[in-house]
Amino acid sequence: MSKLNIKSLMVVGLTSTLLVGCDAMNQGQDNGATENQTGNVNEEGDVAVSEMRVDVSSGVTDAVSTIDDAVVSVINLQKAAQNPYGWYGGTQDDTVEGEEDLQTVGTGSGAIYKVDGDTAYVFTNNHVIDGSDAVDVLLKDGTRVQAEVIGADVWTDLAVLSISSEDISSVAEFGDSNNLKVGEPAVAIGSPLGTDFASSVTSGIVSAVERSVPVDTDGDGTYDWEMTAIQTDAAINPGNSGGPLVNIAGQVIGINSMKISTSTVEGMGFAIPSNDAVDIINQLENSGEITRPVLGIGMVDLAMISQQQREAVLNVPEDLSGGVVIAEVTGGSAAEEAGLAQNDIVVKFNGVDVTSGVELRQQIYDTTVGDDVEVEYYRDGTLETTTINMRASDETL
């Protein structure tokens with residue numbers, strides 16, 4: 001990032017300082033000042049600020065200037081809980097003016113990616129707006145506007161909002177996350193710790209691509225999804241969620257979603273790749289939801305079943321180390337119509353081995369409604385095969 005130019009400027013700055021210092025010394029001597037006076041001083045002998053100007057433009061500053069006006073803060077508003085003790089013990093934020101009984105419970109980030117007539121569209125994370133009774137968006141210039149949640153998806157942790165385009169002057173551009181190189185610059189922009197630090201910029205590199213990161217989507221302490229993510233060492237702090245990770249051209253290459261936060265870990269943040277995000281964003285914008293095929297089953301990892309139950313109830317073959325046990329089958333579901341039943345152990349789905357519920361769910365969501373999919377499973381120790389016609393449902397799986 002123009003190291004040679006910066007070094008040259010540093011040398012020039014040092015030289016200039018010395019020259020000015022010498023000049024000030026000479027003037028001081030002419031005026032009877034102390035002979036050993038040194039430093040950058042004015043005619044009165046007081047320390048002064050150098051008048052030299054340094055050009056600090058770089059790839060990072062150019063990238064930030066390209067997208068900065070499109071980055072916003074996303075404010076989650078919820079109804080205030082009744083507090084018998086008044087303000088004492090409540091949240092630190094006051095009730096929002098014009099939105100009675102609503103208060104800020106969380107703040108994240110986002111970016112304006114499209115303007116269509118009177119409407120502008122903003123991407124953010126699902127967990128940023130989850131549980132909200134209303135959502136506000138704070139623009140770069142400090143303007144605060146009400147937003148409408150167009151759609152959200154818990155599995156990819158993405159959400160789309162709409163706001164008035166009246167005060168919008170810039171939109172973000174998506175870059176190609178499939179073309180990233182490990183080690184290339186990466187810049188995160190957002191509102192860490194809330195709106196007081198809006199438009200904060202951190203920089204680093206793309207540390208890795210196609211990282212599989214386990215995610216607990218329902219907060220029950222058990223991983224139920226694996227997100228494919230970009231890893232970066234650019235600082236990702238609470239409040240950065242939903243904001244853009246950009247390349248040196250100022251293009252969005254990822255949407256910041258999470259970080260590993262322990263006392264022994266530093267510089268491990270993760271972003272949803274732009275190529276994955278764009279497909280979901282378009283679906284959310286157009287229909288407000290993501291339609292995925294489901295089986296209609298409850299499931300438990302075979303690894304969670306005791307050895308006694310494996311032998312007495314499931315009759316698991318000795319050489320079977322992984323799979324997904326069907327705990328229940330929803331009536332009228334695709335699974336029931338295909339003949340799957342409680343205590344069946346699914347080991348292969350659509351030609352891919354599955355050893356856990358996370359893997360099975362990913363394979364299910366990789367299919368399309370209407371697909372015919374072959375499933376291999378063990379029933380009472382015998383390997384069997386069936387074909388399932390994938391269809392949409394309101395069920396979780």
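First things first, this report covers the structure right here in the doc. (Residues numbered from 1 in each chain as written. Predicted model: local features only at pLDDT ≥ 70, side-chain atom pairs only at ≥ 80, totals over all residues. Heavy atoms only, no water.)

Per the secondary structure count, the chain includes seven helices and 20 strands. Counting all 397 residues of the chain, 42% fall into the buried class. Within the structure as shown, the chain displays about 21300 Å² of accessible surface, and the carbon and sulfur contribution to it stands at 45%. (Helix = DSSP H or I, 4+ residues; strand = E, 2+ residues; numbered from the N terminus. Buried < 20%, exposed > 50% of the residue type's maximum accessible area, 1.4 Å probe, protein only. Areas by Shrake-Rupley, 256 points an atom, 1.4 Å probe, with all protein chains shown as cover.)

The next subject is the nonpolar core. Ranked by internal contacts, the top residues of the largest apolar core, which has 50 residues, are Ile-67, Leu-295, Val-346, Phe-349, Leu-360 and Ile-388. Examining the composition of this core, we find that four residues originate from one element, helix H4 (residues 274-287), more than from any other. In contact with Leu-360, other than residues within four places in its own chain, are Ile-297, Met-299, Val-324, Val-346, Phe-349 and Val-354. Grouped together as the second largest cluster of nonpolar side chains are 16 residues, Val-74, Ile-112, Ala-120 and Ala-159 included. (Core = buried A, V, L, I, M, F, W, Y, C linked by side-chain atoms within 4.5 Å. Contact = heavy atoms within 4.5 Å.)

With respect to burial, helix H7 (residues 357-365) is a largely interior element, eight of its nine residues being buried. In this fold, the buried residues of H7 make contact with strand S9 (225-232), strand S13 (293-294), strand S14 (297-301), strand S15 (324-329), strand S16 (345-349) and strand S17 (352-353).

Moving on, we come to the packing of aromatic side chains. Aromatic ring pairs: the centre-centre distance and the angle between the two ring planes describe each pair. Overall, the coordinates contain seven aromatic pairs when judged by the stated rule. Aromatic side chains Trp-225 and Tyr-365 sit 5.6 Å apart centroid to centroid with 45° between the ring planes, which places their arrangement in the tilted category. Placement of Trp-225 in strand S9 and of Tyr-365 in helix H7 is noted, with a sequence separation of 140 residues between them. In this pair, the class of Trp-225 matches that of Tyr-365, namely buried. (Phe/Tyr/Trp six-rings, centres within 6.5 Å; stacked < 30°, edge-to-face > 60°.)

A few words now on H4. Its 14 residues place the ends of H4 20 Å apart at the C-alpha level, agreeing with the 20 Å of an ideal helix rising 1.5 Å per residue. Among all positions of H4, only Ser-274, Ala-277, Ile-280, Ile-281, Leu-284 and Glu-285 are buried. Buried residues of H4, seen end-on, are gathered within an arc of 135° and therefore sit on one face of the element. The inward-facing, buried residues of H4 abut strand S2 (102-116), strand S3 (119-124), strand S5 (144-153), strand S6 (158-164), strand S11 (252-259) and strand S12 (269-273). Looking one or two residues beyond H4, the residue adopting positive phi is Gly-288, at roughly 80°. (Expected span 1.5 Å × (residues − 1). Arc of directions from axis to C-beta.)

A few words now on the sheet that holds S9. Strand pairing in a sheet relies on backbone hydrogen bonds, with the paired strands running either antiparallel or parallel. Pairing is antiparallel in the closed barrel, where six strands are placed in the order S7-S8-S9-S12-S11-S10. Going across the sheet, the axis of each strand differs from the next one's by a mean of 50°, ignoring polarity. Pairing between strand S7 (residues 185-190) and strand S8 (residues 200-215): six bridges, direction antiparallel. Looking at S8, one finds that Pro-185 is bridged to Ile-205. Along the sheet, helix H2 (residues 59-67) contacts S7, S8, strand S10 (244-246) and S11; its crossing angle with S7, the most-contacted strand, is approximately 40°. (Pairing = 2+ DSSP bridges. Axes fitted to C-alpha atoms, helices over the stretch in contact; angles between N-to-C directions.)

The next subject is the side chain of Asn-125. By the element assignment, Asn-125 lies in the loop between S3 and helix H3 (126-129). Looking at Asn-125, its side chain comes within polar contact range of the main-chain nitrogen of Gly-242, at 2.8 Å. (Polar contact = N/O pair within 3.5 Å; in protein donor to acceptor, adjacent residues only side chain to side chain.)

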